[in-house]
Amino acid sequence: MLHSTGLTALLTLGLLAKRVVAVPTSTPRSDPSVSCVLVSSISSVLLSVLEISWGGCGSFGINTTDPNLQCGYLEVPMDYHDSSAGNARLAVIKYAATAKKLGTIFFNPGGPGDSGLETIAIFGPVFGQGFQGAFDVVSWDPRGVGQTFPGEVYCFNNTEEDAGFWEHTPVTYINETIAGQFDKRDLDELYSQVDLTERKFKQFAAHCLSGPVAPYFKYLGTSSTVRDLVSLGDAIVGKGEPIDYWGVSYGTVLGFNFLNMFPERAGHVTLDGVVDPTAWTSYKVTSDTAVLLRLSLADVEKTYSGLADGCAKAGRAGCKLIEFTGDNASGDDVKTLLDYAHDVIAWLFGLLYSPATWSHDVNNYIYDVVALALQASRAYNITVPGGHKYNVPSSNTTINQSFLSLASVASSPNLTSYTSMAISGADNFNDDNTKIKDIFDIIVDTTREVTPTCKYTSSGWPVRSVERLPPYTPKELKTPVLVIGNTADPITPLPGAKSVAKLLGNNAFLVEQLGFGHTSLAQASSCTLDIIRDYFANSVLPQERSTQCPVDDPDLFPALN
């Protein structure tokens, strides 16, 4: 359903952010006077339904000489309930089995809006090794993404125009306000912008709807992508055959709704880093926004403490921040230091996803930012809150400016993609009466009561999908589902996995990976990998309904050299 009037505001989390993407100069563009453009690489030759002609990936923007990577297109109905809508075209990638083939695993990397082509192009060999070459691993660019048609959703001609549109609105400074944890001056400034922000989001909606591609927006959304997954299964493993699927992050929303809509097609299904699916499918701003936001951010502080405790445990040998706090610092001391350099907090949320990079990022970029903050406090005689005495570096510090940029503002061919917002908005059960003040209230309350260590982007999206996600009803599955969650995941916390396992009942086995970060892929665990591999290859499940798996290397701050 198209909402041409009123504001439809969607509060997007870390997994629902706009992206800056590079567009090849040879890619067709709409007239530059049009403010909403969508880029796709549709060739003039259309393939028949349910047929993929596999070939090289060069024409799909993937530079590789790996012979195991193959790409192709699959033409599917734009609207599965209305043939007059024409066809969509899915860009598909396969990392072929290198040993005796046992089957095909369909993988979705999440987002929404992440490219399956880019993921498999980079990590295909890793999947191949993990599954001992026994499976074809297939992924695709979902609608609104990359090389698929409809492709990336753009609402501005370049990132400069995008940045200029949002300049001097809370969209550009709300992360700094959150990092400061909302003192009275921050709150007064934030709420003084309510009317301006309301107008801006209405203008934003009109901006996106003014282009010739707006009619495609209603064909985005999870329901259509679930049906696309089934079409891919028909084309690749055979019509009516079981579909083996592994989804991470938002890919668990896709996977859960696949189980709900097509239980008879479910083969081996793994849901890894679980978004609470009932909150997603019943999502309404305002009440459910608060619930979904609190559910999603429940383990941010636990993950943040893992980083701070790891730094403190490593000492100077592994974490340079101890130069500022002094030896014998605790994890709380490290957090207090980072809280003081409050600009760090907005960045930390993204860092919490990937513990494998904590040592590098903390000892380089974060160290430099904290050093600058401490130098400024000395230069301007600023009293450090709480009276903490830190060792201030004597020499001036320089910072990698590309890291400091919250968004890379560049002229075309770089564009800001709003695909995540379009897909999430298409699924949204929100009405037209949402007020920006309600969104601000939710952000402030969550920041105070759950965590300030996160980033928010508030976005309005004016179009709903032609097919809404159905409510969940219990199903009997031929093969139990493997549900995986980390002990401390900053955006899809363990309770989401436990909730899904409880909903699925005897159809689910739960694995808790005893580590940090987003999804089980954030830290290596031979235990988890063995379970996943045995599940797909041999239909073997853990002996217990709930299993805990340690990570292979819990030392997140190894000694520096």
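All values derive from a computational prediction rather than experimental measurement.

Criteria and cut-off values
Residues numbered from 1 in each chain as written. Predicted model: local features only at pLDDT ≥ 70, side-chain atom pairs only at ≥ 80, totals over all residues. Heavy atoms only, no water. Pairing = 2+ DSSP bridges. Helix = DSSP H or I, 4+ residues; strand = E, 2+ residues; numbered from the N terminus. Axes fitted to C-alpha atoms, helices over the stretch in contact; angles between N-to-C directions. Contact = heavy atoms within 4.5 Å. Disulfide = S-S within 2.5 Å. Buried < 20%, exposed > 50% of the residue type's maximum accessible area, 1.4 Å probe, protein only. Phe/Tyr/Trp six-rings, centres within 6.5 Å; stacked < 30°, edge-to-face > 60°. Expected span 1.5 Å × (residues − 1). Patch = residues over 30% accessible without salt bridge, like charges linked within 9 Å, V, L, I, M, F, W, Y side chains within 5 Å. Areas by Shrake-Rupley, 256 points an atom, 1.4 Å probe, with all protein chains shown as cover. Salt bridge = Lys/Arg side-chain N within 4 Å of Asp/Glu carboxyl O. Parallel < 35°, antiparallel > 145°, perpendicular 65-115°, else oblique. Nonpolar A, V, L, I, M, F, W, Y, C, P; charged D, E, K, R; others polar.

Take the sheet that holds strand β6 (residues 103-108) next. Strand order in this open sheet of nine strands is β4-β5-β7-β6-β9-β10-β13-β14-β15, and the pairing throughout is mixed. Two strands in the sheet have a free side with no partner beyond their single neighbour: β4 (69-77) and β15 (546-550). The mean inter-strand angle of the sheet, taken between neighbouring strand axes irrespective of direction, is 25°. When strand β9 (residues 243-248) meets strand β10 (residues 266-272), the two strands line up parallel, connected through five bridges. Following the sheet pairing, Val-248 is matched in β10 by Asp-272. Against the sheet, helix α18 (residues 494-504) makes contact with β10, β13 (481-488) and β14 (508-516), and its axis sits at roughly 155° relative to β13, the strand it touches most.

A word on the state of the cysteines. Here the structure, examined in full by the defined rule, presents four disulfides. Residue pairing for Cys-57: its cysteine sulfur links by disulfide to Cys-71, the two sulfurs lying 2.1 Å apart. On the sign convention where negative is left-handed, the bridge of Cys-57 and Cys-71, at about 100° about the S-S bond, is right-handed. With Cys-57 in the loop between β3 (38-39) and β4 and Cys-71 in strand β4, this pair connects stretches of sequence that are 14 residues apart. Given a relative accessible area of 2%, Cys-71 falls into the buried group. Cysteine pairing for the protein (bonded cysteines numbered in sequence order): 1-2, 3-4, 5-6, 7-8.

On to the packing of aromatic side chains. Taken as a whole and judged by the stated rule, the model has 23 aromatic pairs. Note on Phe-127 and Trp-246: the rings are 5.8 Å apart at their centroids and 85° apart in plane angle, and the pair reads as edge-to-face. In this pair, Phe-127 is assigned in helix α1 (residues 116-130) and Trp-246 in strand β9, connecting sequence segments 119 residues apart. Accessibility expressed as a relative area gives 9% for Phe-127, which makes it buried. We classify Trp-246 as buried; its relative accessible area is 5%.

Another point: helix α17 (residues 436-449). For an α-helix, the turn length of 3.6 residues means that residues three or four places apart are oriented alike. Counted at 1.5 Å a residue, the expected span for α17 with its 14 residues is 20 Å, and the 20 Å between its end C-alpha atoms agrees. Burial in α17 covers these residues: Ile-436, Ile-439, Phe-440, Ile-442, Ile-443, Val-444, Thr-446 and Thr-447.

On the surface, a cluster of nonpolar side chains totalling about 300 Å² of accessible area is made up of Ile-122, Phe-123 and Val-126. Given a relative accessible area of 56%, Ile-122 falls into the exposed group.

Axis separation between helix α2 (residues 159-166) and helix α5 (residues 194-209) bottoms out at 11 Å; the angle between their running directions is 150°. If you check the angle between α2 and α5, you find them roughly antiparallel. Here α2 contributes Glu-161, Phe-165 and Trp-166 to the contact with α5, which in turn contributes Lys-200, Phe-201, Gln-203, Phe-204 and His-207. The residue makeup of the contact of α2 with α5, split by class, is four nonpolar, two polar and two charged.

Another aspect to go through is the environment of Leu-229. Relative to the elements of secondary structure, Leu-229 occurs in helix α6 (residues 222-236). In sequence terms Leu-229 and Pro-142 are 87 residues apart; their C-alpha atoms lie 9.2 Å from each other. Once you skip the residues sitting within four places of it in the chain, Leu-229 turns out to touch Phe-106, Trp-140, Ile-243, Tyr-245 and Phe-258.

Here the focus is the packing of α5 against α17. At a minimum axis separation of 9 Å, α5 and α17 run at an interaxial angle of 115°. In terms of their interaxial angle, α5 and α17 are classed as roughly perpendicular. Between α5 and α17, the contacting residues are Val-194, Thr-197, Glu-198 and Phe-201 on the first element and Ile-436, Lys-437 and Phe-440 on the second. Here the residues of the contact of α5 with α17 sort into four nonpolar, one polar and two charged.

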